[in-house]
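Listed below, chain by chain, are the residues.
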Amino acid sequence: MDSKTRILFICLAQFLPEFIIAIPVIAPLICWLIWKDDADPQVADYARRRLNTNISWTLWTIAGVLLCYVLIGFVILPIMIIVWLVAVIKDVIRASRGDTSYKFPWTVEFIRRPGN
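All chains use their own residue numbering, which begins from 1 and follows the written sequence. For a predicted model such as this one, the threshold for reporting local features is a pLDDT of at least 70, and the threshold for listing and counting side-chain atom pairs is 80 or more; totals across whole chains, interfaces and linings nevertheless cover every residue. Side-chain measures here rest on the full set of heavy atoms in the structure, leaving out hydrogens and waters.

Engineer: Quick rundown of the overall build of the protein? Include the residues and the values.
Structural biologist: What counts as a helix is a DSSP run of H or I of at least four residues, what counts as a strand is a run of E of at least two, and both are numbered from the N terminus. Counting secondary structure elements, the protein contains 4 helices and 0 strands. Secondary structure elements of the protein occur, N-terminal to C-terminal, as α-α-α-α. Burial statistics for the protein: of 116 residues in total, 37% are counted as buried. Counting contacts in the protein only where the partners sit at least 6 residues apart, residues at least 24 apart contribute 69% of the total. Carbon and sulfur atoms provide 72% of the accessible area of the protein, an area that totals close to 6,900 Å². A simple rule labels every residue: compare its accessible area, found with a 1.4 Å probe on the protein chains alone, to the largest value its type can have, and call it buried under 20%, exposed over 50%, or partly exposed in between. Contacts are assigned to residue pairs with any non-hydrogen atoms lying within 4.5 Å of each other. Note on areas: Shrake-Rupley, 1.4 Å probe, and residue coverage restricted to the protein chains presented here.

And the structure:
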C-alpha cells in the first residue's frame, strides 16, 4: 500500500460514528501504531495528527453532551457537528490531492511529534 492510500485510509476513518466513543479514537490509533515506523514519515505524522484530532473531538463531544444538562449543549452540539463535517470534507479533499498539512480546528496535541 503506498503512502497516499494509507493517508486516505486514515482520513476516511474519521467518518466512523462519533457517538460510539471508542471507535473514532481506536481506528487512527491502530493506523498510527502500525505505520509510525513507516519509511514515509508523512504517513506517521498524519496518523498522529488525526489521532490527536479524534481524541480532542471525542472529548469536546462529551463536554457538549454534558452541557445539554444546562441547555447550552443543545446549541453547541449542532455547531460542533457542522464544523466537524466541514473540516472532515476539507481534509478528505486535501488528502486526496496529497496535501496533508490541514489542521483541524479545536485540536489539542496530546501525542507530540517525536523529538519535540
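Engineer: Before we move on, can you summarise the packing of aromatic side chains with the specific residues and values?
Structural biologist: Aromatic rings from Phe, Tyr and Trp, taking only the six-membered ring of Trp, are treated as a pair when their centres fall within 6.5 Å; an angle between ring planes under 30 degrees marks them as stacked, one over 60 as edge-to-face, and anything in between as tilted. Evaluated as defined, the whole model comprises 2 aromatic pairs. A ring pair is formed by tyrosine 102 and phenylalanine 104, whose centres lie 5.5 Å apart and whose planes are at 65°; its orientation type is edge-to-face. Of the residues examined, tyrosine 102 reaches a relative accessible area of 9% and is grouped as buried. Of the residues examined, phenylalanine 104 reaches a relative accessible area of 6% and is grouped as buried.

Engineer: Describe the environment of leucine 51, and please don't skip the residues or the numbers.
Structural biologist: By the secondary structure assignment, leucine 51 is in helix H3 (residues 41–67). Residue classification places leucine 51 among the buried residues on the basis of a relative accessible area of 1%. For the pair leucine 51 and glutamate 109, spaced 58 residues apart in sequence, the C-alpha to C-alpha distance is 9.2 Å.

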